[in-house]
Amino acid sequence: MSRARRAFIDVDYEHVNITNNIEGSVKTLSYTDVASGESDSISLSLQDRERNWMNSWVPQKGDHISVNLMFHDWDVENDSWSIYCGSFEVDDISMSGPPPSCTIGAVSIPRSTAFNEEERTKNWEEITVQEIAMEIASRAGISLHYEAEEIPVKSMEQDKQTDCKFLYAVCEKFGLAMKVFAERIVIFDEAVYELAVPVMDLKYEDFTSYSYKSTLEGTYTGAKISYSDPVTGEDHIVEIGGGDRIKEINEEADSVTDAQKKAIAALNNANKKDTTFSGTIKAKKELVASNCVRISGFGVPDGIYYLDKVVTKISGNGASQQSFEAHRVGYRLDNAKILLDAQPAVTKAGSVGEYTVKKGDTLWKIAGQTLGSPLRYAEIYELNKDVIEEAALGRGKKNSSNGHWIFQGTVLKIPAAKGSGGDVKQ
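Please read these numbers as outputs of a predicted model, since none were measured by experiment. (Residues numbered from 1 in each chain as written. Predicted model: local features only at pLDDT ≥ 70, side-chain atom pairs only at ≥ 80, totals over all residues. Heavy atoms only, no water.)

### Structural notes on the environment of His72
Part 1 of the argument: For His72, the location among the structural elements is in strand S5 (residues 64-72).
Part 2 of the argument: Through-space distance from the C-alpha of His72 to that of Arg6 is 5.6 Å; in sequence the pair is 66 residues apart.
Part 3 of the argument: Setting aside its immediate chain neighbours within four residues, His72 contacts Ala4, Arg5, Arg6, Phe8, Asp79 and Ser80. (Helix = DSSP H or I, 4+ residues; strand = E, 2+ residues; numbered from the N terminus. Contact = heavy atoms within 4.5 Å.)

Below you can see the structure in the form of structure tokens.
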């Protein structure tokens, strides 16, 4: 007689296999697999009747733990498979009772290195995204898997950021996905993965619960980014797409190509939430973050979806289920036309008021709030150039990069609104 379908975990703790030691003590194991933007994680909850985890077995932050999820006779007899979750470092320990229990939380990002703890300030110049990632990976003592085109970076500043946070931001700017898995940084082009053949079909009857959402909120039909030609000094506006929902992007760009990449990435990142689907099903080995699945049998929600997050749970009685979050593919605006229009030169104008820079402000944002159009940011810069540059030098920067860097507490003069005779465009 075959044994019933069952799932269990195989665990190495500090490079010692403890599977037999914790057999019968596991309450739940939750593994969160994320495609990009945050670390993978696990949460292991254990009964502690003998109070071992409170005494001789007490876990320490920074301990290494690796987990395999094991599935036996799952869909049919002899259908056995496993999921390797990767290597993690313990970052959270909690105990409660009675009855006594211990919960161990761990993340895939190496927390015991400078990668995720030490803030750095550095100017990266004449480099590529891959070279930035290679240097950061080397400093963290982990490997790099880079699966994307070569993207040049003329200049970029890491301003009091950890390597981890900075590299995530760099990848996001250029439309790349990044995660840390099995002690290596993985960077890939999410757009390519979205074109992959679905790994499986999920039908209505497969789900114990589901949720579908289609929204316009926070999504856009186009994007607009300012760009200053480093050779001619002319200001331009790069427009991607069109329509009436335009995302205004305040981002420094080195060239029209750089502006195009950043505008497209920002637009596509925002539009991921246009159509989303989440659900809970019996565990499937094919459900891995960054894979695509086909949803069918629902009607309007039917389609191909990219898995952003998959959470696999195993309980002590051998049951297992997976919950996932996904977005529908096909939303990307990668081949949009680009309109490049030189903006009129701006002369210094008389001011009609003052504005004190707050945390998180940009000239683009201030111009939108005070002048009714973010495209008038250059007027504010020209009127306050000396003050802005002096503040940048005082913070250790070579310059403000044409007003890209402004600092809290700086008092700016605001030019007159259009029609009041205070501003002049030539």
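There is more to say after this.
### Some words on the nonpolar core
Part 1 of the argument: By size, the foremost hydrophobic cluster in this structure holds 28 residues, and its most contacted members are Ile9, Ile65, Leu69 and Phe71.
Part 2 of the argument: Among the secondary structure elements, those contributing two or more residues to this core are strand S1 (6-13), strand S3 (26-34), strand S4 (41-47), S5, strand S6 (81-96) and strand S7 (101-107).
Part 3 of the argument: Tallying contributions element by element places S6 first for this core, with five residues.
Part 4 of the argument: Discounting residues that sit within four places of it in the chain, Phe71 has contacts with Arg6, Ala7, Asp79, Ser80, Trp81, Ile83, Ala283, Thr312, Ile314 and Ser320.
Part 5 of the argument: In this structure, Ile127, Val153, Phe166 and Leu176 belong to the second largest nonpolar core, which totals 27 residues. (Core = buried A, V, L, I, M, F, W, Y, C linked by side-chain atoms within 4.5 Å. Buried < 20%, exposed > 50% of the residue type's maximum accessible area, 1.4 Å probe, protein only.)

### What about the packing of aromatic side chains?
Part 1 of the argument: The full count for this structure, using the stated rule, is 18 aromatic pairs.
Part 2 of the argument: Look at Phe277 and Phe298: their rings are 5.2 Å apart centre to centre, the planes differ by 75 degrees, and that puts the pair in the edge-to-face class. With Phe277 in strand S18 (residues 275-282) and Phe298 in the loop between strand S19 (292-296) and strand S20 (303-315), the pair connects residues that are 21 residues apart, well separated along the chain. Both residues of the pair, Phe277 and Phe298, belong to the buried class.
Part 3 of the argument: Geometrically, the ring pair formed by Phe277 and Phe324 is stacked, given 6.3 Å between the ring centres and 20 degrees between the ring planes. Note that Phe277 is positioned in strand S18 and Phe324 in strand S21 (residues 320-328), a separation of 47 residues in sequence. When sorted by exposure, Phe277 lands in the same class as Phe324, which is buried.
Part 4 of the argument: Among the aromatic side chains, those forming a connected cluster through ring pairs are Tyr204, Phe207, Tyr210, Phe277, Phe298, Tyr305 and Phe324.
Part 5 of the argument: It is Lys122 that lies over the ring of Trp124; its NZ or CZ is 3.9 Å from the centre. (Phe/Tyr/Trp six-rings, centres within 6.5 Å; stacked < 30°, edge-to-face > 60°. Lys NZ or Arg CZ within 6 Å of the ring centre and 35° of its normal.)

### A few points about the packing of helix H2 (residues 129-140) against helix H3 (residues 163-173)
Part 1 of the argument: Packing of H2 against H3 leaves a shortest axis separation of 11 Å and a crossing angle of 160 degrees. Judged on the interaxial angle alone, H3 and H2 are roughly antiparallel. In the packing of H2 onto H3, the handedness of the crossing is left-handed. Residues Val129, Ile132, Ala133, Ile136 and Arg139 of H2 touch H3, and the partners they reach there are Asp163, Phe166, Leu167 and Val170.
Part 2 of the argument: By residue class, the composition of the contact of H2 with H3 is seven nonpolar, no polar and two charged. (Axes fitted to C-alpha atoms, helices over the stretch in contact; angles between N-to-C directions. Parallel < 35°, antiparallel > 145°, perpendicular 65-115°, else oblique. Left-handed = near helix turned anticlockwise from the far one by under 90°. Nonpolar A, V, L, I, M, F, W, Y, C, P; charged D, E, K, R; others polar.)

### Points about the sheet that holds strand S12 (residues 184-189)
Part 1 of the argument: The strand order across the open sheet formed by three strands is S9-S12-S11, and the pairing between neighbours is mixed. Taken across any chain shown, the strands that pair with only one partner, and hence form the sheet edges, are strand S9 (143-147) and strand S11 (176-181). Sheet twist, expressed as the average angle between the axes of neighbouring strands with direction ignored, equals 15 degrees.
Part 2 of the argument: Of the strand pairs in this sheet, S9 and S12 are connected by five bridges, and their pairing is parallel. Residue pairing for S12: His145 is matched across the bridge by Val186.
Part 3 of the argument: Here H2 sits on the sheet and contacts S9, S11 and S12; the angle it forms with S9, its principal contact strand, is near 165 degrees. (Pairing = 2+ DSSP bridges.)

### Quick word on unusual backbone geometry
Part 1 of the argument: The omega torsion of the bond from Gly97 to Pro98 falls at -15 degrees, within 30 degrees of zero and hence cis.
Part 2 of the argument: On the secondary structure map, Pro98 appears in the loop between S6 and S7.
Part 3 of the argument: In the Ramachandran plot, Arg51 falls in the positive-phi region, its phi being about 55 degrees despite a non-glycine side chain.
Part 4 of the argument: For Arg51, the location among the structural elements is in the loop between S4 and S5.
Part 5 of the argument: For Ser290, which is not a glycine, the phi torsion comes out positive at approximately 90 degrees.
Part 6 of the argument: Tracing the backbone shows Ser290 in the loop between S18 and S19.

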